[in-house]
Amino acid sequence: MRRPAAWLLLLISFVTFGPFDLRADAPSLLGFSASRAAEQVALEQRFDGVLKAENLREWMRQLTARPNHTGSPGAKANAELLLSLFRSWGYQAEIEEFWVLMPTPRERRVELLAPTKFVAGLVEDTIPEDSTSGQKAEQLPTYNIYSIDGDVTADLVYVNWGLPEDYEELAKHGISVEGKIVLAKYGRSWRGIKPKVAAEHGAVGCIIYSDPVEDGYAAGDIYPKGGWRPPSGVQRGSVKDAPLMSGDPLTPFIGATKDAPRLPLAEAKDLTRIPVLPISARDAEPLLRALGGPVAPREWRGALPFTYHLGPGPAKVRLKLAFNWDLAPAYDVIARLPGAELPDQWVIRGNHHDGWVTGATDPVSGAVAVLEEARGVAELVKAGFRPRRTIVYALWGAEEQGLLGSTEWVEHHAKELADKAVVYVNSDSNTRGFFGGGGSHTLEGLVSGAVSAVTDPQTGGSVLERSLAYGRVWGSLDEDATELRLSALGSGSDYTPFLQHLGIASLNISFGDEEEYGQYHSIYDSFDHYVRFGDPGFHYGVALAKSAGRVVLRLANADVLPIEPGRLAKYARRYTDEVIALADSMRAETEKENRRIAEGVYRLVADPTKTFVVPDPKDPVPHLNFAPLENALEDLDASVASYDKHRAARLAGDQPLTAEEAARLDRILLGLERALTSAQGLPGRPWYRHQIYAPGFYTGYGVKTLPAVREAIELRRWAEIPAAVDAVSASLKRFADDVSKAAEIWQGR
C-alpha cells in the first residue's frame, strides 16, 4: 500500500515553502524552506531517539495509584507531581487553580415498588485481580454530575437510547412519558441528551443503564477475564447541557477564580430539569423484567436474557437523589517553553489529568504521552535547541465534569489567547490501534505529513499508511487516498473552548479502536486493566508522543505557519452541498409522508390487536434561499485560487519571503480560524461562536457542520434559516477577505 514516489511528489508540488528542490534526498515540509526542512527532520529524529515507553508506564502507575477526581487529595497530589516533572525538565511551570461547581451525592435510591419489590445496590464490585477497585472510601459513588435533586415516584417507560427519534417511535405505539420515569440505554449519543429529551417530553425522572449489548458480555469476555464491562459496572459522567456551553455552570463566559462573581444555583442554565442516575446492567435487569406493555421493537432490544417491553408500568419506580452543591478546586498545570524568535505566538498542547476514579485510559493514557513528549522536547533544549515560537504544555483539571479546567483557563485568558494562540493540539484517551484525528481542516496537510514520518508499532509501516488502509477498508477513504481526512470536531474534550469559543485552530488526535473498552468511567478504568487490554507495552503511547510531537515542533519552528486555507474551502463547499441536499430530501420525504396520511395508507395497514397511532401531517418544507452561501463560496474559491497562484509563482521564482512579509503572513494565517466565528454565537447558545463546527443541540459530542443552518432545517425552524445562512456566509466572506490579503503578500504587495 505504500506509495513513496507519489507521496514525495505530492509534497514537493503542493506543500514546500521556499525554493523547489527536486533532489531525491531533499526533505519537503509544509511551512519550511528546503534547508530548514532538513534541519527539522534531523531534529525530529533526535526527538524520537530520546522517547522511552518505560517512562509512560511508571507515570501511569503513579498517577492512577488512587482516585483523582476533581477536588480529591489524589487530584492535588497528581497536579503537584506533574508540576515537579515539568520544572525538573526546565519549563516555566505553574498550577492555576479555579473553583468550580462539584456536587457530590448525599443520597441515591432507585427502588422498584411494583409489581415486585427491589432496591438497587448502586455499587460496583471489588475485583481481586484489580488492585485499586477496592478503594471504596476514596472513590466517587456512581452518579451523574449536574443532575438536580429530586424524589419522584412514577410508572417506568423503556425509551431505548432516549433520543428524539425514539420518542417518535413511542408515539406510534400511543405511549407518552408525561409524568413517567424513563429508562434509557447508554450509547448512540452523549449521556446528557437523554435526560434533556426526556424532560422535553414531560418525564419526571431518568435512569440510564449500561446494557451488555454495548460494552458488556455481548461484546466479549468481561473483566477480569476480558476487558468488557462486568454486570456491576456503571458509567459515571456529566449530564450538564453541554450543547449550551462548556465550563463551570455558575461562571459562564468568565474564569471561575476563587473570587469570581457566581450565579445563584437556581439560575444555572445547564443543569438538568429532572433527576437522573446511572445504574449497572445488574440493577437494571429487575426493572426491565417488570415492564409490561408492547414488546419493544427488535432494534431496541439489548442483550439481557428476557423479552424487552416498553411499558408504561406495571413497573413503578421511586428515584430519589440529593447532592452536596459544593465548590472544589480544579488544578490546571501550565508549562511554558518561550520561543526564541516569536515568543508571542503560542503553540498549545494539552490533555486532562482528572479521572472519574483512577482514570487509567481516560485520561492518563493520553496524559503520560504528553508528558513524554514534553520531556523529549526538553532533552532537545538541553542539547541547544530553541523553538522559534513558544510551546505551552497544559494538563487540565476538571475535564470530566464538562471541560471545566480548560474552559475556565480559556475564559480567564481569552484576550491574550485571542492575540497569541496559534493552534491547540489535544489528546484524551490513547490505546493501541489506528491513528485518528479531527480538527480544523486548515491543518489537515500538517497532520498527514507528520504521521507519515512515524512508524506504526504493530506493522512496521508508517502510521499514515496503516490509517489510510483502515479508512479504505471501512469506506471512509477512497482507494487512491494519500492523505488522512480530519473529521470535523463537535465536543467532548478540551479543544472545545479553544476552537468553538475563541476560534483557535485545533486538533484532537490519538490512537485506538483495538482495545477492549468496557471500563469507561468505572472503577475498572485502572492501571491493571490498561496494562492488559489498553496498550500493554505503551508502544502506542510513544507513537502518540512522536506524532503529536512532530505537529507541535513543526508549528513551533516553521518559517511560515503550516496552515492551508484551501482545505477549509473544500470542506465548506461539501457541507453546503449537504445542507442543500438535506432540505431537498426532507421536502421529498415530507410530501411522500403527507400523501400517505391523506390517502389513509396507515389506517389500512394498522393491526387492530395493537395500539397504533396515525401520525399527523408535517408542515411542508418551503423554498430556502441558499444563494448568499453559494456566493460566499464563490468568493472563497476565488481568493484561494489567487493565494495558490501567487504562492506558487513566488516559490517557482526562487524569491523567499522577507522577514517582514513572513511576519505579516503569520498574523493573517493565525487569525483565519477567528474569521469563522461570530460574536453573537449560535442561535440560543451564544457561547458557541464557530459558524462551521459545533456540537449538535441533540447530539452533545457529535458534530454539526454549518450548525445554525443544518439544525434549523432538521428542527423545521424555517423562519430562522435566512439569518443562519447570512451568518455563515458572513464568516466565509471574512475568511475569504483574509486569504486575499495573504495572497497579496505572496504577490509582493
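Keep in mind that this is a model prediction, so the values were computed, not measured.

Trainee: Help me understand the nonpolar core, please; the structure alone is not making it clear to me.
Mentor: One recurring pattern in soluble globular proteins: nonpolar side chains tend to sit buried together. Core analysis: the largest hydrophobic core is formed by 149 residues, its most contacted members being F86, Y91, Y393, I713 and L732. Among the elements that take part in this core, helix α22 (residues 721-746) stands out by supplying twelve residues, more than any other. Look past the residues within four positions of Y91 in its chain and what remains in contact with it is F86, A335, R336, L337, A374, V377, A378 and Y393. Listed in part, the 75 residues of the second largest apolar core include A120, Y186, V276 and L321.

Trainee: It is not clear to me how the sheet that holds strand β11 (residues 327-337) should be interpreted in this structure. Could you clarify?
Mentor: Consider a sheet: its strands pair through backbone hydrogen bonds, and that pairing is either parallel or antiparallel. Strands sit in the order β1-β11-β13-β12-β14-β16-β15 across an open sheet of seven strands; the sheet is mixed. Only two strands of the sheet have a single neighbouring strand rather than two, namely β1 (92-101) and β15 (433-439). Each neighbouring strand pair of the sheet contributes to a mean axis angle of 20 degrees, computed without reference to strand direction. Examined bridge by bridge, strand β12 (residues 342-352) and strand β14 (residues 421-426) share five bridges and lie parallel to one another. Across the sheet, the residue bridging to I348 is Y424, located in β14.

Trainee: What should I look at first to understand the pairing of strand β9 (residues 276-279) in this one?
Mentor: Side chains on a regular strand alternate between the two faces of the sheet. On β9, burial covers both faces: V276 and P278 on one face and L277 and I279 on the other are all buried. The pairing of strand β7 (residues 205-209) with β9 spans four bridges and is parallel. Bridged to I208 within β9 is P278.

Trainee: Just checking my understanding: could you explain helix α2 (residues 34-50) for this structure?
Mentor: Think of an α-helix as 3.6 residues a turn; residues three or four steps apart then line up on the same face. Given a rise of 1.5 Å per residue, 17 residues ought to cover 24 Å, and the 25 Å separating the end C-alpha atoms of α2 matches this to within 8%. All of the buried residues in α2 are A37, Q40, L43, E44, F47 and D48. Buried positions in α2, seen along its axis, are confined to an arc of 140 degrees and lie on one side of it. Turned more than 90 degrees from where α2 packs its buried face, S35, Q45 and G49 sit exposed.

Trainee: Got a minute to help me understand the side chain of D559 in this structure?
Mentor: Tracing the sequence through the fold places D559 in the loop between α16 (539-557) and α17 (565-598). A residue is classified by how much of its surface remains accessible, and D559, at 15% relative accessible area, is buried. Side-chain polar atoms of D559 contact the backbone nitrogen of S33, separated by 2.7 Å.

Trainee: Where do I start with the pattern of salt bridges in this structure?
Mentor: Side-chain pairing between opposite charges can occur once the charged atoms of the two side chains come close. Applying the stated criterion across every chain yields a total of 43 salt bridges. Close ionic contact of K382 with E379 constitutes a salt bridge, the shortest N to O distance being 3.3 Å. A residue pair is termed a helical-turn pair when its members lie 3 or 4 positions apart in one helix, as K382 and E379 do in helix α9 (residues 360-382) at three residues. According to the relative accessible area criterion, E379 is partly exposed, its value standing at 27%. Salt-bridge contacts for R650 lead to E661; the nearest nitrogen and oxygen are separated by 2.6 Å. Placement of the pair is R650 in helix α19 (residues 627-652) and E661 in helix α20 (residues 659-671), with a sequence separation of eleven residues. Residue classification places R650 among the buried residues on the basis of a relative accessible area of 9%. Since its relative accessible area comes to 8%, E661 is described here as buried. Overlapping salt bridges bring together E444, E483, E564, R567 and K570 as one network.

Trainee: Looking at this structure, how should I read the environment of M60?
Mentor: Looking at the secondary structure, you find M60 in helix α3 (residues 53-63). Considered as a pair, M60 and T358 are 298 residues apart in the sequence and their alpha carbons are 9.9 Å apart. In contact with M60, not counting residues within four places along its chain, are A360, V364, S365, V368, F527, Y530 and F538.

Trainee: I keep staring at unusual backbone geometry and nothing clicks. Help me out?
Mentor: Leaving glycine out, the prevailing phi sign among residues is negative, and the prevailing peptide bond configuration is trans. The step from G313 to P314 runs through a cis peptide bond, and the omega angle for that step is -5 degrees. Position of P314 among the secondary structure elements: in the loop between α8 (281-289) and β10 (316-324). Positive phi, close to 80 degrees, is recorded for Y146, a residue that is not glycine. Tracing the backbone through its elements, the reader meets Y146 in the loop between β4 (144-145) and β5 (150-158). Here R716, not a glycine, exhibits a phi torsion of approximately 60 degrees, which is positive. Looking at where R716 falls in the secondary structure, it is placed in the loop between α21 (707-714) and α22.

Trainee: Is there a simple way to think about the packing of α17 against α22 in this case?
Mentor: Helix packing for two helices is described by the angle between their axes and how far apart those axes are. Running from N to C, α17 and α22 point in directions that differ by 155 degrees, and their axes come no closer than 11 Å. Considering the angle they form, α17 stands roughly antiparallel to α22. Seen along the crossing, α17 lies across α22 with a hand that is left-handed. Mapping the contact onto sequence places P565, L568 and A572 in α17 and L732, F735 and V739 in α22. Here the contact of α17 with α22 is built from residues that sort into six nonpolar, no polar and no charged.

Trainee: Whenever I open this one, the sheet that holds β9 confuses me. Can you help?
Mentor: Pairing in this open sheet of seven strands is mixed, and the strands run β3-β2-β10-β5-β6-β7-β9 from one edge to the other. Edge strands, defined here as strands with exactly one partner in the open sheet, are β3 (118-119) and β9. With respect to the sheet, helix α6 (residues 193-200) is in contact with β6 (181-185), β7 and β9, its orientation differing from that of β7 by roughly 150 degrees.

Trainee: What exactly am I supposed to notice about α19 here?
Mentor: Helix length check: α19 (26 residues) gives 37 Å between terminal C-alpha atoms against 38 Å at 1.5 Å per residue, within 8%. The set of residues buried in α19 consists of L629, A632, L633, L636, S639, V640, Y643, H646, R647, R650 and L651.

Trainee: Can you walk me through a negative patch on the surface in this structure?
Mentor: Residues D577, E630, E634 and D635 make up a contiguous surface patch of negative charge. Ranked by residues supplied to the negative patch, first place goes to α19 with three residues. Along the chain, E634 turns up in helix α19. According to the relative accessible area criterion, E634 is exposed, its value standing at 52%.

Trainee: Please clarify how the packing of aromatic side chains should be interpreted in this entry.
Mentor: The relation between two aromatic rings is expressed through the spacing of the ring centres and the mutual angle of the planes. This model, assessed by the stated rule, comprises 29 aromatic pairs. Centroid distance Y158 to Y308: 5.8 Å. Interplanar angle 55 degrees. Geometry classified as tilted. Linking Y158 in strand β5 with Y308 in the loop between α8 and β10, this pair joins segments that are 150 residues apart in sequence. Like Y158, the residue Y308 is buried in the burial classification. With a centroid separation of 6.3 Å and 45 degrees between ring planes, the pair formed by W409 and F498 is classed as tilted. Of this pair, W409 sits in helix α10 (residues 404-412) while F498 sits in helix α14 (residues 496-501); the two residues are 89 residues apart in sequence, bridging distant segments of the chain. One exposure class covers both W409 and F498, and it is buried.

Conventions we followed
Residues numbered from 1 in each chain as written. Predicted model: local features only at pLDDT ≥ 70, side-chain atom pairs only at ≥ 80, totals over all residues. Heavy atoms only, no water. Core = buried A, V, L, I, M, F, W, Y, C linked by side-chain atoms within 4.5 Å. Buried < 20%, exposed > 50% of the residue type's maximum accessible area, 1.4 Å probe, protein only. Helix = DSSP H or I, 4+ residues; strand = E, 2+ residues; numbered from the N terminus. Contact = heavy atoms within 4.5 Å. Pairing = 2+ DSSP bridges. Axes fitted to C-alpha atoms, helices over the stretch in contact; angles between N-to-C directions. Expected span 1.5 Å × (residues − 1). Arc of directions from axis to C-beta. Polar contact = N/O pair within 3.5 Å; in protein donor to acceptor, adjacent residues only side chain to side chain. Salt bridge = Lys/Arg side-chain N within 4 Å of Asp/Glu carboxyl O. Parallel < 35°, antiparallel > 145°, perpendicular 65-115°, else oblique. Left-handed = near helix turned anticlockwise from the far one by under 90°. Nonpolar A, V, L, I, M, F, W, Y, C, P; charged D, E, K, R; others polar. Patch = residues over 30% accessible without salt bridge, like charges linked within 9 Å, V, L, I, M, F, W, Y side chains within 5 Å. Areas by Shrake-Rupley, 256 points an atom, 1.4 Å probe, with all protein chains shown as cover. Lys, Arg positive; Asp, Glu negative; His and termini not counted. Charge placed at Lys NZ, Arg CZ, Asp CG, Glu CD. Phe/Tyr/Trp six-rings, centres within 6.5 Å; stacked < 30°, edge-to-face > 60°.

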